[in-house]
Amino acid sequence: MENLNFKAKKTIFLLTLFSFLISCTDHKKTVLQNQSGKRKDSVRVQKFHSDNNETLNNWVDYYKKIDPDFNLDNFEFESENSFDKIAGNIYGIYDKEFDKLYSDFLIYSPNRQKYIDIDSYHWSLDDEGKPGFEVDQEINLVDISNKKIEKIAFYGSSNWVEDAYWKDDQTIVLLENSYEQRPAIREMNFNSMKSRTFKYQDSLKTISEYSKERIMAKLRKQKTVSN
């Protein structure tokens, strides 16, 4: 009889221990799942921080006109990458070969020591005075005092830069679009030589004509001033 009681107690003990271990395992699994979910959420919710720049506001306003649902809150962090500076393939404003047509398209740093050129490699005027675009686009950083031209980004047919501005003397922001109609915002810092890209999380409902309209507006202004 004592032997039977001992076996019964042993069985109850083992069952209790087994239940306890299962409970601990399930609890640990739940905690890990929650932690993993929080990590994913923290990555997912990284948004582009708007700095209320006039160029950025004009770009956003344009897209809101063609797509009422367009919102900066829909740009989420996609990647961080290093970039290089290599010799550019354009003329600087200090070169005698520089085409003054592009003078009003240069994007100067706040201290006016440098500028970004997103246009002179990318398009030229046709016989009707309208911009004709090349497939490729170079983004060049020009150091005026040192007369130095450096290519900092290159785009092919799949995506392109529609506009750009400086956040400060060491940081530029490129406003991009793509053949998929999914805009992107790319911040490039010349101190860290790192770029951070924020991708729009939806496709636009209408094809963008932003680049063409931006260029034509400045060309019309040039013509008015010259007259």
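Residues numbered from 1 in each chain as written. Predicted model: local features only at pLDDT ≥ 70, side-chain atom pairs only at ≥ 80, totals over all residues. Heavy atoms only, no water.

Colleague: Would you explain the pattern of salt bridges in this entry?
Modeller: Pairing of side chains with opposite charge becomes possible as their charged atoms draw close. Per the stated rule, a full pass over the model turns up eight salt bridges. Taking the shortest distance from any N to any O, the salt bridge between R214 and D119 comes out at 2.8 Å. Separated by 95 residues along the polypeptide, R214 in helix α3 (residues 210-226) and D119 in the loop between β4 (114-117) and β5 (123-125) bring together distant segments of the chain. Residues R214 and D119 agree in their burial class; the two are buried. Here K167 makes a salt bridge to E187, at a shortest N to O gap of 3.3 Å. Of this pair, K167 sits in strand β9 (residues 159-168) while E187 sits in strand β11 (residues 184-189), placing them 20 residues apart in sequence. On the basis of relative accessible area, K167 is assigned to the partly exposed category, the value being 35%. Given the relative accessible area of 14%, E187 is considered buried. Shared partners join several salt bridges into a network, and the residues in it are D67, D69 and K205. (Salt bridge = Lys/Arg side-chain N within 4 Å of Asp/Glu carboxyl O. Helix = DSSP H or I, 4+ residues; strand = E, 2+ residues; numbered from the N terminus. Buried < 20%, exposed > 50% of the residue type's maximum accessible area, 1.4 Å probe, protein only.)

Colleague: Any chance you could explain the packing of aromatic side chains here in plain terms?
Modeller: Two aromatic rings are characterised by how far apart their centres lie and by the angle between their planes. The final tally for this structure, using the stated rule, is 16 aromatic pairs. Between F83 and F190 the ring centres are 6.1 Å apart and the planes differ by 75°, which places this aromatic pair in the edge-to-face class. One end of the pair, F83, is in the loop between β1 (75-82) and β2 (86-87); the other, F190, is in the loop between β11 and β12 (194-200), with 107 residues separating them in the sequence. For the pair formed by F83 and F190, the shared burial category is buried. Measuring from ring centre to ring centre gives 5.2 Å for F105 and W123, while their planes differ by 75°; the resulting arrangement is edge-to-face. You can see F105 sitting in the loop between β2 and β3 (107-108) and its partner W123 sitting in strand β5, a full 18 residues away along the chain. Of the two residues, F105 and W123, neither departs from the other in class, the shared state being buried. Through successive ring pairs, a cluster of aromatic residues spans W59, Y62, Y63, F70, F75, Y200 and Y210. The positively charged end of R112 is found above the aromatic ring belonging to Y108, 4.0 Å away from the centroid. (Phe/Tyr/Trp six-rings, centres within 6.5 Å; stacked < 30°, edge-to-face > 60°. Lys NZ or Arg CZ within 6 Å of the ring centre and 35° of its normal.)

Colleague: Mind showing me how you'd approach the sheet that holds β1 here?
Modeller: Each strand in a sheet pairs with its neighbour through backbone hydrogen bonds, running either in the same direction (parallel) or in the opposite one (antiparallel). Sheet architecture is open: five strands sit in the order β1-β12-β11-β10-β9, paired in antiparallel fashion. Edge positions in the open sheet fall to β1 and β9, since each of these has one partner strand only. The sheet shows a mean angle of 20° between the axes of neighbouring strands, taken without regard to direction. With six bridges connecting them, β11 and β12 associate as antiparallel partners. Counterpart to A184 in the pairing with β12 is K199. Against the sheet, helix α2 (residues 54-66) touches β1, β9, β10 (171-178) and β11, its axis set at about 145° to β9. (Pairing = 2+ DSSP bridges. Axes fitted to C-alpha atoms, helices over the stretch in contact; angles between N-to-C directions. Contact = heavy atoms within 4.5 Å.)

Colleague: Help me understand the sheet that holds strand β7 (residues 137-143) in this model?
Modeller: An order of β2-β8-β7-β4-β3 is seen for the five strands of this open sheet, with the pairing classed as antiparallel. Looking at strand neighbours, the two that pair on one side only are β2 and β3, the edges of this open sheet. As paired strands, β7 and strand β8 (residues 148-155) are joined by seven bridges and run antiparallel to one another. Residue pairing in the sheet places N140 in a bridge with K151 of β8.

Colleague: Would you mind showing me how to read the environment of S203 here?
Modeller: Within the secondary structure, S203 sits in the loop between β12 and α3. The class for S203 is partly exposed, based on a relative accessible area of 36%. Taking the C-alpha atoms as reference points, S203 and P183, 20 residues apart in sequence, are found 8.1 Å from one another. Apart from the residues lying within four places of it in its own chain, the contact partners of S203 are D67, E180, Q181 and R182.

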